[in-house]
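One letter stands for each residue in the lines below.
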Amino acid sequence: MDKEKLDKLLAEGAKLLAKSGKTVKRFAISTLIPEKWLIDEENEWDVRLDGKSESVKNQLNREISEFLEKKTKKEYSPSDADVRVVFDLSGTKNPVKIEFEPLFVFGRYKKLIPEISQSRWICSKCEGDGCFKCDWKGKFYESVEEFIGDPLKEACKAKDYALHASGREDTDVVNLAGRPFVLELKAVKNHSPDLKKIAEKINKPKKVSVSDLKIVKRGFVEAVTESHFDKEYTAEVEFEKEVTEEELAKIAGLKGVVIEQQTPKRVMHRRADLVRKRKIVELKILNRSDDGKTTKVAITAEAGTYIKELINGDGGRTKPSFAGILGFGAKCKKLIVSRIYDEFLDVILRTESIPKGDSEGEYSRAFRDSLARSRQDAKNGRTHDIEEVKKKLIKKK
């Protein structure tokens with residue numbers, strides 16, 4: 001490619017980058033090199049291996065990035081870009097284009113009412129168009145993902161979004177704890193949204209509320225989704241017949257017990273049929289109805305504990321259980337997530353980095369404490385090593 005053609009491409013790239021918007025502060029570049037150039041370069045290197053030669057692609061990227069920085073006053077930041085300028089030098093009709101990079105927003109959500117799913121649940125029959133199966137709504141439930149994603153998508157002028165969360169609660173469960181999530185916004189044109197105003201808009205309907213919204217790097221998705229935290233629950237339990245104070249004391253005796261839970265029948269269509277060991281960290285009887293047939297309990301359990309099955313026994317698949325101890329039926333009428341022990345995420349958010357050699361630093365202590373409260377069953381492949389998690393996060397920053 002001669003210099004005149006390259007100069008035209010650079011001028012076009014600068015023009016597109018300048019028009020990308022005031023909120024675009026940083027850019028990256030991609031150059032697609034003709035295969036013949038690469039072959040010629042390899043042949044040249046075979047002859048002259050002096051260790052000082054710079055590849056064609058590296059030279060182009062360096063010269064292009066310097067030119068664009070000078071012309072647009074925007075920062076070249078390949079690992080943290082708002083947009084990517086793509087130069088295709090293979091002779092296509094559109095040799096220069098702008099691709100808007102994704103934006104990642106961390107937060108914690110509360111699900112204030114039941115009958116809301118976490119993810120978008122589009123009707124499989126009509127694929128969102130509306131039909132008799134979904135009552136002409138195009139979906140089976142409203143979702144946390146939509147309550148959070150739609151306002152952010154609009155404000156960020158994004159093409160689409162995806163919710164990445166640390167676990168999920170059942171559709172009929174209320175979450176008052178605040179579950180950590182990262183919303184990935186795709187092809188974003190506004191990288192400087194007013195998160196405070198967006199939170200107010202999300203919270204207004206009083207169905208889902210968010211807090212702690214903050215723009216984070218891509219690596220935080222894995223920090224959230226691959227972490228498993230102990231949780232506290234408040235459960236309203238209904239018994240098949242009256243329970244005595246002595247029988248409730250036996251249930252309270254589950255504190256500190258490691259239970260075995262075979263994959264519940266209700267989730268077997270999407271989970272492997274395994275036996276999982278989980279510790280009941282705390283269990284308190286809060287009250288008992290006058291007729292003795294209902295009670296409210298507070299349960300703290302390791303990550304991955306199926307609370308409904310801890311109560312009803314799931315036909316003997318969970319041992320021990322409330323129903324198993326009593327010898328008659330028990331079921332969970334209402335379940336609320338009241339606390340999630342996710343403190344180590346706040347440490348990462350404060351520092352925005354993981355200190356090198358921080359073997360006994362604040363991050364390590366917080367994360368180790370979180371793991372101590374959430375001992376995983378190694379056989380199920382869910383044990384986390386602190387150094388392994390650090391490497392993953394550092395790699396993706």
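1. Some words on helix 5 (residues 195–203)
Line of reasoning, step 1. Within the sequence span of helix 5, burial applies to Leu195, Ile198, Ala199 and Ile202. End-on view of helix 5: buried residues confined to an arc of 100 degrees, all on one side of the axis. Structural note: helix 5 exposes Lys196 and Lys197 on the side pointing more than 90 degrees away from its buried face.
Line of reasoning, step 2. Tucked inside the fold, the buried residues of helix 5 contact strand 5 (103–111), helix 4 (144–156) and strand 11 (208–216).

2. Brief notes about the side chain of Arg276
Line of reasoning, step 1. If you trace the backbone, Arg276 turns up in strand 14 (residues 275–288).
Line of reasoning, step 2. We note that Arg276 is buried and unpaired, the nearest opposite charge coming from Asp273 at a distance of 6.5 Å.
Line of reasoning, step 3. Only 2.7 Å separates the side chain of Arg276 from the side chain of Thr263, close enough to count as a polar contact.

3. Digging into the pattern of salt bridges
Line of reasoning, step 1. In this structure the tally under the stated criterion is 24 salt bridges.
Line of reasoning, step 2. The salt bridge partner of Arg266 is Asp170, with a shortest N-O separation of 3.0 Å. Of the two residues, Arg266 is situated in the loop between strand 13 (258–262) and strand 14 and Asp170 in the loop between strand 9 (160–165) and strand 10 (174–186); the sequence distance between them amounts to 96 residues.
Line of reasoning, step 3. Judged by relative accessible area, which is 33%, Arg266 ranks as partly exposed.
Line of reasoning, step 4. For Asp170, a relative accessible area of 22% puts it in the partly exposed group.

4. Digging into the packing of aromatic side chains
Line of reasoning, step 1. Evaluation of the coordinates by the stated rule reveals four aromatic pairs.
Line of reasoning, step 2. Ring plane angle 80 degrees and centroid distance 5.3 Å describe the contact between Phe106 and Phe220, whose orientation is recorded as edge-to-face. Of this pair, Phe106 sits in strand 5 while Phe220 sits in helix 6 (residues 219–225), and the two are 114 residues apart along the sequence.
Line of reasoning, step 3. For Phe106, a relative accessible area of 0% translates into the label buried.

5. Here's the deal with the environment of Lys333
Line of reasoning, step 1. With respect to the element layout, Lys333 can be found in strand 17 (residues 330–340).
Line of reasoning, step 2. Lys333 sits 95 residues away from Glu238 along the chain, and the two C-alpha atoms are 6.4 Å apart.
Line of reasoning, step 3. Leaving out residues up to four positions away in the same chain, Lys333 has contacts with Glu236 and Glu238.

6. Brief notes about the side chain of Thr72
Line of reasoning, step 1. The residue Thr72 is located in helix 3 (residues 56–72) in this model.
Line of reasoning, step 2. On the basis of relative accessible area, Thr72 is assigned to the buried category, the value being 14%.
Line of reasoning, step 3. From its side chain, Thr72 meets the backbone oxygen of Leu68 in a polar contact 2.6 Å long.
Line of reasoning, step 4. Setting aside residues up to four positions removed in sequence, Thr72 forms contacts with Ala14, Leu17 and Ala18.

What counts and how
Residues numbered from 1 in each chain as written. Predicted model: local features only at pLDDT ≥ 70, side-chain atom pairs only at ≥ 80, totals over all residues. Heavy atoms only, no water. Buried < 20%, exposed > 50% of the residue type's maximum accessible area, 1.4 Å probe, protein only. Helix = DSSP H or I, 4+ residues; strand = E, 2+ residues; numbered from the N terminus. Arc of directions from axis to C-beta. Contact = heavy atoms within 4.5 Å. Lys, Arg positive; Asp, Glu negative; His and termini not counted. Salt bridge = Lys/Arg side-chain N within 4 Å of Asp/Glu carboxyl O. Polar contact = N/O pair within 3.5 Å; in protein donor to acceptor, adjacent residues only side chain to side chain. Phe/Tyr/Trp six-rings, centres within 6.5 Å; stacked < 30°, edge-to-face > 60°.

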